[in-house]
Amino acid sequence: MAMTSFAADAADERDRGGPQQPLLTVTDLRKYFPIRGGVLGRTVAHVRAVDGVSFTVRKGETLGIVGESGCGKSTVARLLMRLVDPDAGEQVFDGEAVGEQGGISVAQMRRQVQMVFQDSASSLNPRMPVQNSIAFGPVAFGARRADAVAMARELLTKVGLNPVLFGGRYPHELSGGQKQRINIARALALKPRMIILDEAVSALDKSVEAQVLNLLQALKRELNLTYVFISHDLGVVRWISDRVMVMYLGEVVEIGPADAIYTGPKHPYTRALLASRPALDPDQRREEAPVSGDPPNPVNPPSGCRFHTRCPHAEPVCSARAPSLGDATGFGHLAACHMQDAGSGHTAASVLQ
Amino acid sequence: MTAPLVEVENLSVNFVTRESNVTAVNGVSFTMMPGEVMCMLGESGSGKSVTMRALMRLLPEKRSVITGGIRIAGQDVQAMNDRALRQMRGATVSMIFQEPMTAFDPVVRVGDQIAEVVALHRGVSHKAGRRRALDLFDLVRIPSAERRLDAYPHELSGGLRQRAMIALALSCEPKLLLADEPTTALDATVQIQVLILLRKLQQEMGMSVIFVTHDLGVAAEIADRVAVMYAGRIVETGPVRDLLRTPLHPYTAGLLASTVHDQPRDRDLETIPGAPPDMRRLPPGCSFAPRCPKVGGDCLLTVPPPVSPAPGRVARCLRVPAAQPEFA
């Protein structure tokens, strides 16, 4: 029966390590983009887009990644998909090292990890009916065209679009919300285990955003998916995520369970980010901005803790030494801040312990 | 009684192309008193930016048909010739945009761009204009202002560039500032800085501001009054507190309910079903009727007239009772 082919199997035959094995573990991921200049086009500097990022995603959970522009969250997404090659770092997918001898190949990994981008229009082929766009992946992996299109129409139903009305349409005949539903259907076409959503709802109107978020949650439950959800919208990330990772200038500054991060943020940057949200209540307007200035340029990031130039608690130790996050591959609530480290030499450190 | 600064009466804007005729703004009326901050709240395509551009006559003349009345500071904007328009823009009304990079000339130093505006409107020398630019950079709290005057737009960060554009807009002390999503492209920690700055400057200078946004939180931070736009019409206006606490129009209520803000995670978000209408084929009655939970047969017949159930509050919905008799 065609309709049941997308139901989550009780035991996924692709599951290697069992429920305790994290679906994805990333260790010390780095990507420096070269800046070329001068007559000879030599590399004159590097944008340190992702600088030593480690985290773990458990099976069936949603990891939210938040941060401001230039913090490296989208580069992390592209590195996970190998749309750009990392300079350093190890990526383990369900117990198997990606792209290494004895591990899983990048192509095999991509069958199980799919991505949805922010710009719903430019990620669809304008000259292809949307059902063919959805069927493209399965055909490329060897499915018969008729079977792939039948499956695409089934997926259209799943994302809330009537295949009779929408299957033959071209992207320009659809609204932004409908196009994003198509992108989600296409991501599902290869029956992935993990979907990376890079600002997938950010370009949508508020009334449509809520619809797509509900759809993502329903699909996740039904198909046993694992999400990495990247967004600058703190409200949306809290609603959808089990755990949240906060990035600043290419580094992870805090990671932990969503509620712990939102109710008890440990890093001054996370606190500032949360306090910068507009209040939604005219009687609680902010009088003072939590931090001043813009995020610095990731070409020459500040020494030590990268937030020290804007941090209200900065002390000499903060510019001298970079704080460590500790074991980021665990599941606790961690923050890379000298005030959280008793032996760091920061005057507020002992008070907090 | 002071005279209103802005009076817009039954404003409609049609964009005419060979294939279609789109009514982007459809009978919008509002008045604003001096010193008031009004937020135009609406989703993309609701006509909020087009209304702003109509106020400054920035729409392409050949392809847009504007009807209705626009009076700013007692002058009929529709009747102005090019010379009068040049005088009004910058001096009486000025505008800031979402993307300051495209609003500045990329090959002229920002200080010189501000000096040029001041010299033109005030009839002073370029040098005096530069001095004014320095004062303005201090006013908008740009650090190391003197050095930043010599910067080109691309050399400034997003937040500084937006501050520089605010300085440019305020250079001739306009009575009305039109702000078209000026914080949407900014990072969260920078957005709140710019919002607080704009609020302080508005209070210090006593100017009126029309602030276009799609973000309820931004409206809550800055507005005195909110006008909610849907499909080219203002569907509800009211003081910001009342409107956010007890929305009258089902669209406003739906927008509030579907904005993600600390809702419980185990439950689905409330949504407005469907999508905004195609502006080329608007439904005959209330434009929101196809998505409305309170829709009835009467909604599809005529466009609902404005009703005012409380002083200062107006909604265009047949389901909102006019609790108090309306005084003209």
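Residues numbered from 1 in each chain as written. Chains lettered and ligands numbered in written order. Predicted model: local features only at pLDDT ≥ 70, side-chain atom pairs only at ≥ 80, totals over all residues.

Going by the annotation in an unreviewed UniProt entry, the name recorded for chain B is Peptide/nickel transport system ATP-binding protein, with Humitalea rosea given as the source organism. Listed under Subcellular location (unreviewed entry) in UniProt, the entry text for chain B is "Cell inner membrane". (UniProt positions renumbered as here; feature names shortened; annotations may be inferred.)

Per an unreviewed UniProt entry, the recorded name for chain A is Glutathione import ATP-binding protein GsiA, and the organism is Humitalea rosea. Database annotation for chain A, UniProt heading Subcellular location (unreviewed entry): "Cell inner membrane". UniProt, in its Sequence similarities (unreviewed entry) section for chain A, records the words "Belongs to the ABC transporter superfamily. Glutathione importer (TC 3.A.1.5.11) family."

(A) View of the overall build of chain A. Tallying secondary structure elements over chain A gives twelve helices and eleven strands in all. In terms of overall size, chain A behaves like a compact globule, its C-alpha atoms giving a radius of gyration of 22 Å where 353 residues would be expected to give roughly 20 Å. The C-alpha extent of chain A, read off along each of the three principal axes, is 65 × 55 × 55 Å. The buried share of chain A, reckoned over its 353 residues, is 45%. For chain A, the share of sequence-separated contacts (at least 6 apart) that also reach a separation of at least 24 residues comes to 65%. (Helix = DSSP H or I, 4+ residues; strand = E, 2+ residues; numbered from the N terminus. Rg over C-alpha atoms; globule rule 2.2 N^0.38 Å. Buried ≥ 20, exposed ≤ 12 C-beta atoms within 10 Å, placed from the backbone. Contact = placed C-beta atoms within 7 Å.)

(B) Region of the structure containing the overall build of chain B. Along the backbone of chain B there are eleven helices and twelve strands. Against the 2.2 N^0.38 benchmark of 20 Å for 328 residues, chain B shows a C-alpha radius of gyration of 21 Å, consistent with a compact globule. Along the first, second and third principal axes, the C-alpha set of chain B runs to 65 × 50 × 45 Å. Buried positions account for 46% of the 328 residues belonging to chain B. Long-range pairs, those at least 24 residues apart, make up 61% of the contacts in chain B between residues at least 6 apart in sequence.

(C) Focus on the UniProt feature "domain: ABC transporter" (unreviewed entry) in chain B. Within the UniProt annotation, "domain: ABC transporter" (unreviewed entry) is assigned to residues 6–256 of chain B. Overall, residues 6–256 of chain B shows 42% helix and 27% strand. The separation of its end C-alpha atoms is 28 Å.

(D) Representation of the domain arrangement of chain A. All names here are of chain A. Per the domain assignment, the segments of chain A are domain 1 (2–126 + 185–246) and domain 2 (268–352). The centre of domain 1, based on its C-alpha atoms, is set 25 Å off from the matching centre of domain 2. Looking at the side of domain 1 that touches domain 2, the elements with two or more residues in it are β1 (24–37) and β2 (42–57). At seven residues, β2 tops the list of elements feeding residues into the side of domain 1 that touches domain 2. Residues that form the side of domain 1 that touches domain 2 fall into these classes: seven nonpolar, five polar and two charged. (Domains from an automatic or database assignment. Nonpolar A, V, L, I, M, F, W, Y, C, P; charged D, E, K, R; others polar.)

(E) Representation of the interface of chain A and chain B in the model. The interface of chain A with chain B comprises 35 residues on the first partner and 38 residues on the second. Here the side of chain A that touches chain B takes eight residues from helix α7 (residues 206–223) of chain A, the largest share from any one element. The class makeup of the residues in the side of chain A that touches chain B is 15 nonpolar, eleven polar and nine charged.

(F) The arrangement of the sheet that holds strand β8 (residues 226–230) of chain A in detail. Residue and element names in this part refer to chain A. One open sheet holds the seven strands; their spatial order is β6-β7-β8-β3-β9-β10-β11, and the pairing between them is mixed. Of all strands in the sheet, those with a lone pairing partner are β6 (113–116) and β11 (334–335), marking the two edges. As paired elements, strand β7 (residues 194–198) and β8 share five bridges and run parallel to each other. What sits directly across from Met194, in β8, is Thr226. (Pairing = 2+ DSSP bridges.)

(G) The arrangement of helix α11 (residues 250–258) of chain B in detail. All buried positions along α11(B) are accounted for by Pro250(B), Tyr251(B), Thr252(B), Gly254(B), Leu255(B) and Ser258(B). Its buried side turned inward, α11(B) meets α7 of chain A together with α9 (216–222), β9 (225–230), β10 (233–239) and α10 (240–245) of chain B.

(H) Summary view of the environment of Leu188(A). All names here are of chain A. Structurally, the position occupied by Leu188 is in helix α6 (residues 176–188). Residue class for Leu188 comes out buried when judged on the 23 C-beta atoms lying within 10 Å of it. Residues Leu188 and Gln114, spaced 74 residues apart in sequence, show a C-alpha to C-alpha distance of 7.6 Å.

(I) Looking closely at the sheet that holds strand β11 (residues 307–310) of chain B. All names here are of chain B. Reading across the sheet, the eight strands line up as β6-β7-β8-β3-β9-β10-β12-β11 and stay open at both edges, with mixed pairing between neighbours. The open sheet is flanked by β6 (93–96) and β11, the only strands paired with a single partner. Geometrically, the sheet is characterised by an average inter-axis angle of 20° between neighbouring strands, direction not taken into account. Judged from the four bridges that link them, β6 and strand β7 (residues 176–180) form a sheet pairing that is parallel. When the sheet's bridge partners are listed, Ser94 is paired in β7 with Leu177. On the sheet, helix α7 (residues 158–170) packs against β6 and β7 and is oriented at approximately 170° with respect to β6. (Axes fitted to C-alpha atoms, helices over the stretch in contact; angles between N-to-C directions.)

(J) Spotlight on helix α3 (residues 130–140) of chain A. Taken together, the buried positions of α3(A) are Val130(A), Gln131(A), Ser133(A), Ile134(A), Ala135(A) and Gly137(A). Along its buried surface, α3(A) packs onto α4 (145–158), α5 (163–166) and α6 of chain A.

(K) Spotlight on the packing of α3(A) against α6(A). All names here are of chain A. Where α3 contacts α6, the two axes come as close as 8 Å, and the packing angle between them is 25°. For the element pair α3 / α6, the angle class is roughly parallel. The hand of the α3/α6 crossing is right-handed. Facing Val130, Ser133, Ile134 and Gly137 of α3, the residues of α6 in contact are Ile182, Ala185 and Arg186. A per-class count over the contact of α3 with α6 returns four nonpolar, two polar and one charged. (Parallel < 35°, antiparallel > 145°, perpendicular 65-115°, else oblique. Left-handed = near helix turned anticlockwise from the far one by under 90°.)

(L) Examining the environment of Met88(B) more closely. All names here are of chain B. For Met88, the location among the structural elements is in helix α2 (residues 82–91). Residue classification places Met88 among the buried residues on the basis of 20 C-beta atoms within 10 Å. The sequence separation of Met88 and Pro247 amounts to 159 residues, and the corresponding C-alpha distance is 36 Å.

(M) The domain arrangement of chain B, seen in detail. Residue and element names in this part refer to chain B. When the domains of chain B are assigned, the result is domain 1 (1–92 + 175–262) and domain 2 (98–173). A C-alpha centroid distance of 24 Å is found between domain 1 and domain 2. Across the contact, 16 residues belong to domain 1 and 14 residues belong to domain 2. The set of elements that each furnish at least two residues to the side of domain 1 that touches domain 2 consists of α2, β7 and α8 (188–205). A per-element tally of the side of domain 1 that touches domain 2 places α8 first, with seven residues. Looking at the side of domain 1 that touches domain 2, its residues break down into eleven nonpolar, three polar and two charged.

(N) Geometry of the pairing of β11(B). Residues and elements named next belong to chain B. Relative to strand β12 (residues 313–315), β11 is paired through two bridges, and the arrangement is antiparallel. Counted as the bridge partner of Val307 is Ala315 from β12. Here β11 hands over to β12 after two residues, with Gly312 in that stretch at a positive phi of 85°.

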